[in-house]
Amino acid sequence: MARPVQPVAALTLSVVAFGLAATMAPAETQIRIDLGRKLFYDADLSFTGTMACATCHEQWHGFTDNNRGHPGIYDDPAKRNVPGLANIGAFKNFTWADNSLGTLQRQARNPLLGTAPIEMGVSGHEDEVVARFATDPCYDKVFAAAFPERGGEVSLDTITLALAAFEKAIVSTDSAWDKAEASGAALANPTAERGRKLFAEKGCASCHTPPLFSDDAFHKVTELKEGEADAGLGDVTGKAEDRGMFRTPSLRNAAMTFPYWHDGRVETITEAIALHDPALTGQPQPTGNEVAALIAFLGSLTDHTMLENPAYALPPEACPLKP
Ligand code: HEC
Ligand code: HEC
């Protein structure tokens, strides 16, 4: 099968689109991206060999999985809805509500090693899981090529670095909205074009700020229910004023990333919009007509180039390095 093309071009685009030039290290080499991609789709990264990153983060759904939550390898119920990964390399805060992770490399330790809930179950079995890769002839060669300065070290550190390199290459810059912005044109669908204006006028853009469609900041937009277990950022910082704060989710590919909200509590965008409490956001609730236009606008953020990019899919070849 033909070798998939792209990541390098896609990466360059994202550098331009998000002004990331300064933060995009040269270490993000193609072979490191290829390694991260192979790992992302490899169930051997979970202790039981039954769950890959891609089990929960499916490309076609914008790297979500369209379930309220995805249980871990021992069926621990999920705490939260799987978020999408479009342009994730441009964020500073990762997951629905955590300001302490700092890097994608650090974030990757959560599904691997996390115990509340257990997702991939590697905690306590680190050596055994790492050994699977260190003793594999293909991986052994690829780690050597991807981390020459570390003598091809195979460890959780290099595994998570490679995963982060792949994730940074997942960019969405080719939706109908991107094309309209680039050319200065209106969206072809007049309802979507009306929604585009409403998105700014109704204050959506103040939090869901283009081009990421997130300000990468934390907001409380719904009151916590009595006895609600998940207090968002407050659980991380321990501060009362952070209770109920969540990071604004990106709305890229929103039509594909249902269900919505940090706990996946609603199935439709209409319900998700209605969940924003005007008393907390300071923005009036849009009318039914306006909501319809906003939904049409969000449809213009579906990026088939990203959703179908073969460079983000399960690698067709067994080993990214040619013999
Ligand atoms: C069992 C399902 C599951 C698996 C497996 C899984 N994830 Fe996730 N992922 C999630 C959920 C749920 C969240 C949100 C967690 C939270 O907010 O506490 C998340 C969040 C993320 C984020 C942050 C996204 C954002 O918007 O900030 C990244 C990046 C990510 N995962 C990458 C990975 C990688 C890499 C792997 C494999 C090592 C992986 N995930 C495996 C369910 C999963
Ligand atoms: C004050 C900031 C703020 C404003 C203003 C705002 N949002 Fe949000 N939005 C958020 C936050 C934070 C969440 C996530 C809440 C959660 O999961 O607990 C969210 C969630 C969403 C979701 C669900 C996304 C997903 O993947 O689950 C949609 C859709 C959405 N907002 C659309 C809109 C629209 C349309 C407007 C304007 C009418 C708007 N938002 C205004 C902050 C904001």
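Keep in mind that this is a model prediction, so the values were computed, not measured.

1. Some points on the site of ligand 1
- Inspection of the region around ligand 1 gives 26 residues, with Cys-53, Cys-56, His-57, Thr-95 and Arg-247 positioned closest.
- Within the contact set of ligand 1, an oxygen atom lies 2.9 Å away from a backbone nitrogen or oxygen of Trp-96.
- Between Gln-107 and ligand 1, the recorded distance is 3.4 Å, taken from a side-chain N or O atom to a nitrogen atom.
- Mapped by element, the contributors of at least two residues to the shell around ligand 1 are helix H3 (53–56), helix H4 (104–113) and helix H7 (156–168).

2. A short note on the packing of aromatic side chains
- Going through the model one piece at a time under the given rule, you end up with 10 aromatic pairs.
- When the centroid spacing of 5.6 Å and the interplanar angle of 70 degrees are considered together, the rings of Phe-40 and Tyr-41 count as edge-to-face.
- With a centroid separation of 5.8 Å and 55 degrees between ring planes, the pair formed by Phe-199 and Phe-213 is classed as tilted. Taken as a pair, Phe-199 in helix H9 (residues 190–201) and Phe-213 in the loop between helix H10 (204–207) and strand S1 (218–219) lie far apart in primary sequence, 14 residues in all. For the pair Phe-199 and Phe-213, a shared accessibility class is recorded, and that class is buried.
- Linked through ring pairs, Phe-40, Tyr-41, Phe-63 and Phe-166 together constitute an aromatic cluster.
- Above the face of the Tyr-139 ring, Lys-38 is positioned so that its terminal group lies 4.7 Å from the ring centre.

3. With respect to the site of ligand 2
- Neighbouring ligand 2 are 20 residues; Cys-204, Cys-207, His-208, His-262 and His-276 lie closest to it.
- Within the side chain of His-208, one N or O atom sits 2.9 Å away from a nitrogen atom of ligand 2.
- Interatomic distance of 2.6 Å between a side-chain N/O atom of His-262 and an oxygen atom of ligand 2.
- Those elements that provide at least two residues to the shell around ligand 2 are H10 and helix H12 (269–275).
- Of all the elements, H10 adds the most residues to the shell around ligand 2, at 3 residues.
- Its residues assigned to classes, the shell around ligand 2 comprises 12 nonpolar, 8 polar and no charged.

4. With respect to the coordination of the iron atom of ligand 2
- Taken together, the protein ligands of the iron atom of ligand 2 are His-208 (NE2) and His-276 (NE2), with distances of 2.0 Å.
- Given 6 donor atoms and angles of 89 to 180 degrees at the metal, the environment of the iron atom of ligand 2 is assigned as octahedral. With His-208 in the loop between H10 and S1 and His-276 in the loop between H12 and helix H13 (278–281), this residue pair connects regions lying 68 residues apart in the sequence.
- Classification of His-208 as buried rests on a relative accessible area of 11%.
- Of the residues examined, His-276 reaches a relative accessible area of 23% and is grouped as partly exposed.

5. Focus: the UniProt feature "binding site: heme c 1" (unreviewed entry) in the protein
- As recorded in UniProt, the sites labelled "binding site: heme c 1" (unreviewed entry) are Cys-53, Cys-56 and His-57.
- With respect to the helices and strands, Cys-53 occurs in helix H3.
- Classification of Cys-53 by relative accessible area gives buried; the value is 13%.
- Setting aside chain neighbours within four positions, we find Cys-53 in contact with Phe-40, Leu-45, Met-120 and Leu-163.
- You can see Cys-56 is positioned in helix H3.

Rules behind the numbers
- Each chain carries its own residue numbering, running from 1 in the direction its sequence is written.
- All chains are assigned letters beginning at A, and all ligands numbers beginning at 1, according to the order in which they are written.
- Selection of residues for local features in this predicted model requires a pLDDT of at least 70, selection of side-chain atom pairs for listing and counting requires 80 or more, and totals for whole chains, interfaces and linings are taken over all residues.
- Excluding hydrogens and water, the side-chain values take into account all heavy atoms of the structure.
- The near set for a molecule or strand comprises every residue that places at least one heavy atom within 4 Å of it.
- Definition of a polar contact: a pair of N or O atoms within 3.5 Å, with one able to donate and the other able to accept a hydrogen when the atoms are protein atoms, and with sequence-neighbouring residues admitted only if both atoms are side-chain atoms.
- To qualify as a helix, a DSSP run of H or I must reach at least 4 residues; to qualify as a strand, a run of E must reach at least 2; elements of each kind are numbered from the N terminus.
- Stacked, tilted and edge-to-face pairs are distinguished by plane angle, under 30 degrees for stacked and over 60 for edge-to-face with tilted covering the rest, among Phe, Tyr and Trp rings (Trp via its six-membered ring) whose centres lie within 6.5 Å.
- The classification of residues rests on relative accessible area computed with a 1.4 Å probe and restricted to protein chains. Under 20% of the type maximum is buried, over 50% is exposed, and intermediate values are partly exposed.
- For a ring to carry a charge above it, either NZ of a lysine or CZ of an arginine must fall within 6 Å of the ring centroid while also lying within 35 degrees of the normal to the ring plane.
- We call Asp, Glu, Lys and Arg charged. Ala, Val, Leu, Ile, Met, Phe, Trp, Tyr, Cys and Pro are nonpolar, and the rest, Gly among them, are polar.
- The donor definition counts N, O and S atoms within 2.8 Å of each metal and applies 3.2 Å to Na, K and Ca; water is not among these atoms, so some sites may look incomplete.
- Angle rules define the geometry names used: all angles between 85 and 135 degrees makes four donors tetrahedral, while opposite donors over 155 degrees apart and all other angles between 65 and 115 make four donors square planar and six octahedral, leaving every other case irregular.
- UniProt positions are given in the numbering used here, feature names are shortened, and annotations may be inferred rather than shown by experiment.
- Between two residues, a contact is recorded if the distance between any of their heavy atoms is within 4.5 Å.

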